[in-house]
Every structure is written in C-alpha cells, then in structure tokens.
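# Working through the structure, step by step
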Amino acid sequence: MEFSEHIKTANVEDVVLRQPLHPPSRGTLCITGHHLLFSDREETGTRQFLLLLRNIDAIEKRTSGSSGTITIKCKDLHVLQLDIPGMEQCLNIAHSIETLSCLDCASEMYPFFYRPSDLRLQDQWGLSSTEKLYSQMKELHDRWRVSTVNRDYSVCPSYPPAVIVPKNIDDSVLKKVAKFRQGGRFPVLCYYHRKNGMVIMHSSQPLPGANRKRCKEDEDLLQAVLDGSDKGYIIDTRSSQQATQARMTGGGFESKSSYSCWKRLHRQMEKGKALQESLIKLVEACGDESNNMDRWLSKLENSKWLSYVQTALSTAGLLAECVERDGHSVLVHGSEGTDSTLLISTLAQLIMDPHCRSLEGFLALLEREWVQAGHPFMQRCAHSAFSHTRLQQESPVFLLLLDCVWQLWRQFPLALGFSEALLLRLATEAYASDFGTFLCNSHKERWALGVMERTHCLFRALLRPRERDYYSNPLYEPTELAIWPSVHPQSLQLWRGFFLRWTQQSRHLEEAQEEIRNMVTEWGKLALK
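Residues numbered from 1 in each chain as written. Predicted model: local features only at pLDDT ≥ 70, side-chain atom pairs only at ≥ 80, totals over all residues. Heavy atoms only, no water.

## Some thoughts on unusual backbone geometry
- Although it is not a glycine, Leu77 adopts a positive phi angle of roughly 75 degrees.
- Residue position: Leu77 is located in the loop between strand E6 (67–74) and strand E7 (79–85).
- In the Ramachandran plot, Cys440 falls in the positive-phi region, its phi being about 70 degrees despite a non-glycine side chain.
- Within the fold, Cys440 resides in the loop between helix H13 (420–431) and helix H14 (443–449). (Helix = DSSP H or I, 4+ residues; strand = E, 2+ residues; numbered from the N terminus.)

## Some words on the packing of aromatic side chains
- Scanning the entire structure with this criterion turns up 15 aromatic pairs.
- Arranged with centres 5.5 Å apart and planes meeting at 55 degrees, the rings of Phe398 and Phe438 form a pair that is tilted. One end of the pair, Phe398, is in helix H12 (residues 397–411); the other, Phe438, is in the loop between H13 and H14, and 40 residues separate them in sequence.
- You can call Phe398 buried: its relative accessible area is 2%.
- Since its relative accessible area comes to 5%, Phe438 is described here as buried.
- Centroid distance Trp406 to Trp495: 6.3 Å. Interplanar angle 20 degrees. Geometry classified as stacked. (Phe/Tyr/Trp six-rings, centres within 6.5 Å; stacked < 30°, edge-to-face > 60°. Buried < 20%, exposed > 50% of the residue type's maximum accessible area, 1.4 Å probe, protein only.)

## A few points about the packing of H12 against H13
- With their axes 10 Å apart at the nearest point, H12 and H13 run at an angle of 180 degrees to one another. Between H12 and H13, the angle falls in the class roughly antiparallel. Contacts between H12 and H13 involve Phe398, Leu399, Leu402, Val405, Trp406 and Trp409 from the first element and Glu420, Leu423, Leu426, Ala427, Ala430 and Tyr431 from the second.
- Split by residue class, the contact of H12 with H13 holds 11 nonpolar, no polar and 1 charged. (Axes fitted to C-alpha atoms, helices over the stretch in contact; angles between N-to-C directions. Parallel < 35°, antiparallel > 145°, perpendicular 65-115°, else oblique. Contact = heavy atoms within 4.5 Å. Nonpolar A, V, L, I, M, F, W, Y, C, P; charged D, E, K, R; others polar.)

## Looking at the pattern of salt bridges
- Enumeration over the complete set of coordinates arrives at 23 salt bridges.
- With its nearest N and O atoms 2.5 Å apart, the salt bridge here joins Arg464 to Asp118. Placement of the pair is Arg464 in the loop between helix H16 (458–462) and helix H17 (465–471) and Asp118 in the loop between helix H1 (87–100) and helix H2 (130–136), with a sequence separation of 346 residues.
- Given a relative accessible area of 19%, Arg464 falls into the buried group. (Salt bridge = Lys/Arg side-chain N within 4 Å of Asp/Glu carboxyl O.)

## Focus on helix H3 (residues 171–179)
- Inspection of H3 places Val173, Leu174, Val177 and Ala178 among the buried residues, and these make up the whole buried set. Projected down its long axis, H3 shows its buried positions confined to an angular sector of 140 degrees, all on one face.
- The secondary structure elements touched by the buried residues of H3 are strand E8 (144–147), strand E9 (163–166) and helix H4 (216–226). (Arc of directions from axis to C-beta.)

## So, the side chain of Thr338
- Secondary-structure assignment places Thr338 in the loop between strand E14 (330–333) and helix H9 (340–352).
- Judged by its relative accessible area of 8%, Thr338 is buried.
- There is a polar contact of 3.3 Å between the side chain of Thr338 and the side chain of Asp339.
- Not counting the four nearest positions on each side in its chain, Thr338 is found in contact with Arg185, Gly374, His375, Pro376 and Arg380. (Polar contact = N/O pair within 3.5 Å; in protein donor to acceptor, adjacent residues only side chain to side chain.)

## Things to note about the nonpolar core
- Counting 102 residues, the largest nonpolar core has Leu347, Phe362, Leu426, Phe459 and Phe499 as the members making the most contacts within it.
- Discounting residues that sit within four places of it in the chain, Leu426 has contacts with Phe362, Leu366, Phe398, Leu402, Phe438, Leu458, Phe459 and Leu462.
- In this structure, Ile169, Val188, Leu189 and Val199 belong to the second largest nonpolar core, which totals 34 residues. (Core = buried A, V, L, I, M, F, W, Y, C linked by side-chain atoms within 4.5 Å.)

What follows is the structure, encoded as structure tokens:
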C-alpha cells in the first residue's frame with residue numbers, strides 16, 4: 001500500500017492546536033503514513049507534538065466559511081482540536097486521518113517501520129519461552145513435560161508452539177482432547193505453586209453439546225493433573241445458566257458424573273459487548289462537565305465498571321484461595337478461554353507469587369498469560385470508548401486487568417515493584433504502539449507476519465536502564481506473603497490516573513508522585529554514603 005495515495009494535503013500552515021492542560025498554540029501540521037506532527041514555533045524555540053494515527057479512535061469535523069475544525073478523540077482518552085484554515089485542506093486532512101488510522105493489515109502498521117537508534121532487530125525478542133520456563137522450574141520435571149504438538153499451530157491456532165502438560169499424557173491424546181475443546185484450547189499448565197505443588201490450568205469450554213458427548217482422553221488428562229489428590233476445582237467464568245445454555249450450541253461444561261474428582265464453581269464475568277459498553281459509559285461520565293456530583297456518581301454507578309473490577313478481583317481471590325489456602329489444583333475456563341480466563345489467572349498469580357510482583361516478573365507474566373496464550377489484542381483493542389463504528393469484537397478486557405492491578409497497587413503500595421506509570425504506558429500501548437508486542441491476535445499470526453524478526457519488543461524496551469528506573473516503584477519491599485485484596489465497594493476506587501488523566505487533578509497527582517520518587521531516590525543516595 002502506498003500511504004501517499006491517502007494524503008492529498010501533507011502539511012498546513014497556521015493551524016491552531018487546542019488540547020487539555022496546555023494553552024492554544026499556532027504552528028504547522030504535517031501528516032505522514034503513520035503520524036500527525038504539529039510544530040509550534042514559539043519565540044523560545046520549536047515545540048513538537050507527535051500523535052500516532054493508530055491512537056485515534058474517532059474524529060469529528062466542522063466547517064464554517066473558509067475554515068474548519070477537527071476534533072480528535074484518542075484511544076488513550078486524550079481529546080484535542082485542530083483549527084485549520086481552508087475548508088478543502090480541513091476536509092483533506094480529516095479524510096487522511098480517517099483512512100490511515102483504521103488500517104486493517106498489521107504489516108502496514110507502524111511497528112514494522114519503527115527503527116529507534118538504541119534498539120536492534122537482532123536483539124532477543126520477548127522475555128521468556130515455554131521451554132525456558134520449564135527448564136528453570138526443576139520441580140515440574142517429575143510430573144510435567146513440554147509438548148510441541150502444536151508446533152505448526154494445527155492443533156490449536158491460538159496456542160503457542162510449545163505448552164506444558166502432564167507427563168503421562170502423550171501428544172496423540174492431546175490431539176483428541178483439542179477436538180473436544182472449543183477452538184482446540186485443551187487444558188495446559190499456566191502456573192505452578194512452589195509452596196505446595198498445586199497448579200493452575202486453563203482451557204476453553206468442553207464440547208459435550210446437547211447429546212452430552214464424552215471424551216475419555218479429556219477426562220484422563222484432568223485426572224492426570226490431580227495425580228492422586230482427592231479433588232480439584234473448575235472455575236467457570238460463566239453463570240450456571242449460561243454454561244447449560246451453551247450445550248444447545250455445541251458447548252457445555254464438565255459433568256459431575258464424568259469428572260467426579262472435580263468440583264465446578266461458576267462465577268459469571270462480563271466480557272465482550274457488555275464490557276465495551278461499560279467503558280463507553282464510564283468515559284462519558286468522566287467527561288461530564290455539569291459539575292453535578294449526584295449526576296456524576298449516578299453515571300459512574302450505571303456504567304458498572306467498578307462492579308466488573310470487583311467481580312474480577314473477587315474471582316481471582318477465589319482462585320488463589322483454592323490453590324494457596326485449600327491446597328487444590330484449579331482449571332479455569334469460560335467459553336473461548338481467551339479473555340476472562342486469562343484475566344483471573346493473571347490476577348491470582350499476582351496475589352500469590354512474589355516473583356510476578358517485580359517489574360520484570362510482571363512483564364513476563366503478561367507476555368506468558370496474554371501475548372503467548374492467545375488474547376486477541378487486535379480484535380479487542382480495535383477501538384476504545386469514542387468510536388462511532390458498530391461494535392464487533394472489541395472488549396477492554398486487558399484494560400480491566402490493568403485497572404485491577406492498579407487497585408492492588410493502591411492497596412499494597414510496597415508489595416509491587418512497578419509504578420502506576422507502567423500501567424498507564426501498557427494501557428496506551430495495547431491500543432496503539434510503536435512496538436510489535438500487541439500486534440495480531442495470536443502467536444500463529446505473529447509468526448506468519450514475522451513480527452518477532454521485523455519489529456521491536458515492548459517488554460524488552462521497558463527493561464532498559466532508563467525505563468526500568470522510571471517504571472520501578474521506589475517504595476518496593478518484596479514480600480513472600482500473598483496479598484489478599486479487599487473487594488468491598490469502599491475499597492475500590494476509580495482509576496483517576498487513567499480515566500481522568502487529561503485533567504488538572506490528574507496532573508497534580510503525577511507531579512506529587514514524581515516528587516515522592518525524587519525524595520526516595522535522594523534518601524537512598526544518602527543512606528549509601
């Protein structure tokens with residue numbers, strides 16, 4: 001594709017930029033295949049504002065006489081306005097933005113063109129792999145093995161090439177189990193609890209259907225997970241009614257008669273359209289300028305966003321309780337197994353495992369549980385809260401995860417090794433990024449496009465010395481103890497740093513946090529003298 005075909009007007013002089021927290025500025029607007037660049041020529045020098053076109057969620061244009069105004073609403077909730085002289089120029093710029101911000105082909109997106117001077121494509125891509133994780137955990141070797149049954153992605157398109165499964169279950173059995181699970185997502189190990197040897201597995205729903213079909217291989221696999229334990233738990237992220245109704249379309253759940261050693265627990269978690277609409281309502285509430293507190297609180301409650309945060313943390317707490325306190329292994333799934341399943345398994349690992357709470361451990365957890373495990377980022381993050389297009393497969397599940405992690409970070413300010421700034425950066429990068437980490441919907445798609453060879457890895461970039469220092473929590477004090485979040489409504493707060501990030505109040509919070517960071521750094525230097 002030639003980007004120039006969609007750029008009728010490449011630059012415009014005498015444009016006025018209006019954005020939150022800054023006075024209006026006049027300068028030159030340029031548009032390229034991937035960016036909007038605004039250069040503000042002040043007496044003190046040139047200031048530049050660079051916006052990745054992929055970050056644009058919606059635009060609104062108005063023309064009046066011989067000029068026009070374009071309002072740009074971004075996926076990171078930034079809203080800005082461009083006053084452009086010349087109606088034709090305004091319409092041309094608007095058309096270019098609309099076209100270039102909605103590229104469907106991943107290989108045309110900016111990560112394939114991004115070439116910073118301090119990163120090389122030859123550098124290692126990613127933080128870890130299934131094989132490396134397995135080799136580091138000697139405790140797994142007696143009962144578990146690495147299977148490469150999916151090395152050509154033919155068994156499960158959304159799984160990585162290598163997965164960890166019970167040692168006495170061979171690949172021929174795994175192929176049969178995959179046919180009995182939606183999308184081929186057979187049960188695989190995602191977490192081993194070193195304290196007691198219990199594990200968390202995840203998968204998609206089984207496919208007994210209306211005829212209540214059985215799969216002996218599936219039953220054998222889950223029995224092998226228990227390895228002599230009296231019982232395990234299955235946490236189904238659908239209601240009992242939803243799971244039963246799924247039988248009518250070929251899905252279903254693990255019946256008590258066929259899986260007698262497994263106890264099923266249903267914890268309904270919203271996803272898909274309901275979650276996307278919740279985000280839209282919440283952002284609308286946060287943009288309410290009526291200054292009416294009762295109205296604002298009513299809108300906040302009606303969005304149901306905080307109730308979804310509460311449910312996610314509560315369900316993750318239940319999962320952690322089963323493993324940590326009760327000493328039982330757990331299988332987690334909903335229907336597809338690519339959304340709420342990953343959400344609660346990630347949060348449960350943060351609650352239980354101190355390694356996951358360090359900066360590097362947290363990024364490795366996200367890579368393992370979201371990128372490698374097949375969360376469809378490009379479908380879920382195609383649009384944010386402002387888009388006028390009809391909802392398809394968008395759902396802010398990853399943003400909900402980051403909000404839940406922020407709630408943990410706020411309740412346990414010393415226990416997590418990373419700062420709020422990291423969560424904000426990840427929230428932005430998931431929707432629009434210079435890096436290839438969140439491109440595509442699966443490992444298979446990334447492999448087909450050569451993402452690992454042709455783009456840079458966000459997680460590795462965040463661990464460079466300067467970034468590591470900025471995104472670390474200066475108050476971090478590692479603890480081996482589990483951190484059990486309070487999910488009482490009064491314990492959960494709106495994530496102001498994200499949802500109100502472009503307001504004066506949020507700017508004051510950022511300045512205060514930076515001041516705290518500087519003070520802690522100075523104290524550390526004095527202590528070393």
